[in-house]
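These are the residues of each chain, in order.
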Amino acid sequence: MDEEEAELRNPFPSPPSHYNNYTSHNLKLLALLKERVGNQNADLGIVDQHALLSDQTDVPTWSLAQLEKPRVDWVLEEGQYNVFGDTWFVKETIPSLAELGGRQLYPPDPSTDQRPVLLAVLRSILVTYSNLTDAILVPPPPPSSSAQPEWQRQLEWITILAQNLMAAANDLRPVQARGNLELMMQRQLELRREETKNIHSQCDALEARLLELRSSAEEMAGPDLKSTAKPSGSHVTFPRARQRKTDFM
């Protein structure tokens, strides 16, 4: 039993040992047992399967009802189910401190402003800590005394106060998550706006540079075009090539 519990607590547990029971033969016996019982709502765990399956071979000694699928309606009715030794709730809820068996000092309604109560709890922690230091300096009671020491009472009270602060902080986790998500989305929006602004500024700088290059190219090409321009009716003459003199020996 201890080995099974240790296996269930393993981060990567092995399949349950009864998975070997799900053979084709056993599943056929289960279907035949349901057919012979007739009543679909009957509890197969209390049925005498050996009497009903006396004509079959290799009928297991354990109940074939173990091969049944989990009843979803039962799980929904109970609101929880067990997997690998851990209890999981059908509807994800954060249990309050009172539901966990603790002493809750702040209101359970999350819509109520809890800041005044939490400030009072924080002041109580400071006062209790001061009382605890005073109680430690008190001489211990005699061995025959059965009264609870003062320091122990102060320590228990400070433990209750700390549990309330931790539970209240855990109740505010959804609010904190929404606030962090909102800040993250705002930061992403600001980054996109900055990137868009930088892209626009770069585009404006490129357009200005292209305009400068175009104007300088037109200025450089202007005189050349004027000097090479000729009237449409003029006759163009080309110089005659000089004949190269050849020296003979």
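The structure we're discussing is the one just above.
Residues numbered from 1 in each chain as written. Predicted model: local features only at pLDDT ≥ 70, side-chain atom pairs only at ≥ 80, totals over all residues. Heavy atoms only, no water.

## Here's the deal with the overall build of the chain
Inference 1: Within the chain, the regular secondary structure consists of seven helices and two strands.
Inference 2: Counting helices and strands in the order they occur from the N terminus, the chain gives α-α-α-α-β-β-α-α-α.
Inference 3: Summarising the internal contacts of the chain: among those between residues at least 6 apart in sequence, 51% fall at separations of at least 24. (Helix = DSSP H or I, 4+ residues; strand = E, 2+ residues; numbered from the N terminus. Contact = heavy atoms within 4.5 Å.)

## Notes on the layout of surface pockets
Inference 1: Roughly 900 Å³ of volume is contained in the largest pocket.
Inference 2: Elements with a minimum of two residues in the lining of the largest pocket: α2 (24–37) and β1 (80–83).
Inference 3: In terms of residue count, α2 provides more of the lining of the largest pocket than any other element does, three residues in total.
Inference 4: When grouped by side-chain class, the residues that make up the lining of the largest pocket number twelve nonpolar, eight polar and five charged. (1 Å grid on protein atoms, 1.4 Å probe; cavity = no way out; pocket = protein on both sides within 12 Å on 5 of 7 lines; lining within 4 Å. Points joined across faces, edges and corners; volume = space filled by probe spheres on them. Nonpolar A, V, L, I, M, F, W, Y, C, P; charged D, E, K, R; others polar.)

## Topic: a nonpolar patch on the surface
Inference 1: Nonpolar side chains collect at one region of the surface, where Val-72, Leu-76, Tyr-81, Val-83, Phe-84, Trp-88 and Val-90 lie side by side and expose about 640 Å² of accessible area between them.
Inference 2: Sorting the residues of the nonpolar patch by element identifies α4 (72–78) and β1 as the ones contributing at least two each. (Patch = residues over 30% accessible without salt bridge, like charges linked within 9 Å, V, L, I, M, F, W, Y side chains within 5 Å. Areas by Shrake-Rupley, 256 points an atom, 1.4 Å probe, with all protein chains shown as cover. Salt bridge = Lys/Arg side-chain N within 4 Å of Asp/Glu carboxyl O.)

## Brief notes about the environment of Thr-87
Inference 1: For Thr-87, the position within the fold is in strand β2 (residues 86–89).
Inference 2: The class of Thr-87 is partly exposed, set by a relative accessible area of 44%.
Inference 3: Apart from the residues within four sequence positions on either side, Thr-87 is in contact with Gln-80, Tyr-81 and Asn-82. (Buried < 20%, exposed > 50% of the residue type's maximum accessible area, 1.4 Å probe, protein only.)

## What about unusual backbone geometry?
Inference 1: With phi around 55°, Asp-58 is a residue other than glycine that occupies positive phi space.
Inference 2: As for its position among the elements, Asp-58 is in the loop between α3 (49–52) and α4.
Inference 3: Classification of Asp-58 by relative accessible area gives exposed; the value is 61%.

## A look at the side chain of Asn-164
Inference 1: Note that Asn-164 resides in helix α6 (residues 150–171).
Inference 2: Given the relative accessible area of 0%, Asn-164 is considered buried.
Inference 3: Here Asn-164 is in contact with Leu-97, Arg-103, Gln-104, Leu-105 and Tyr-106, once residues within four sequence places are set aside.

## Re the nonpolar core
Inference 1: With nine residues, the main nonpolar core is built from Leu-29, Leu-30, Leu-32, Leu-33, Leu-44, Leu-53, Val-59, Leu-64 and Leu-67.
Inference 2: Non-local contacts of Leu-44, meaning those with residues more than four positions away in its chain, are made with Leu-30, Leu-33, Lys-34, Val-37, Ser-63, Ala-65 and Glu-68. (Core = buried A, V, L, I, M, F, W, Y, C linked by side-chain atoms within 4.5 Å.)

## Describing the environment of Tyr-22
Inference 1: Checked against the element boundaries, Tyr-22 lands in the loop between α1 (2–8) and α2.
Inference 2: The partly exposed category is assigned to Tyr-22, whose relative accessible area is 38%.
Inference 3: As a C-alpha pair, Tyr-22 and Leu-67 span 45 residues in sequence and 6.8 Å in three-dimensional space.
Inference 4: Residue contacts for Tyr-22: discarding those within four places in its chain leaves Leu-27, Gln-66 and Leu-67.

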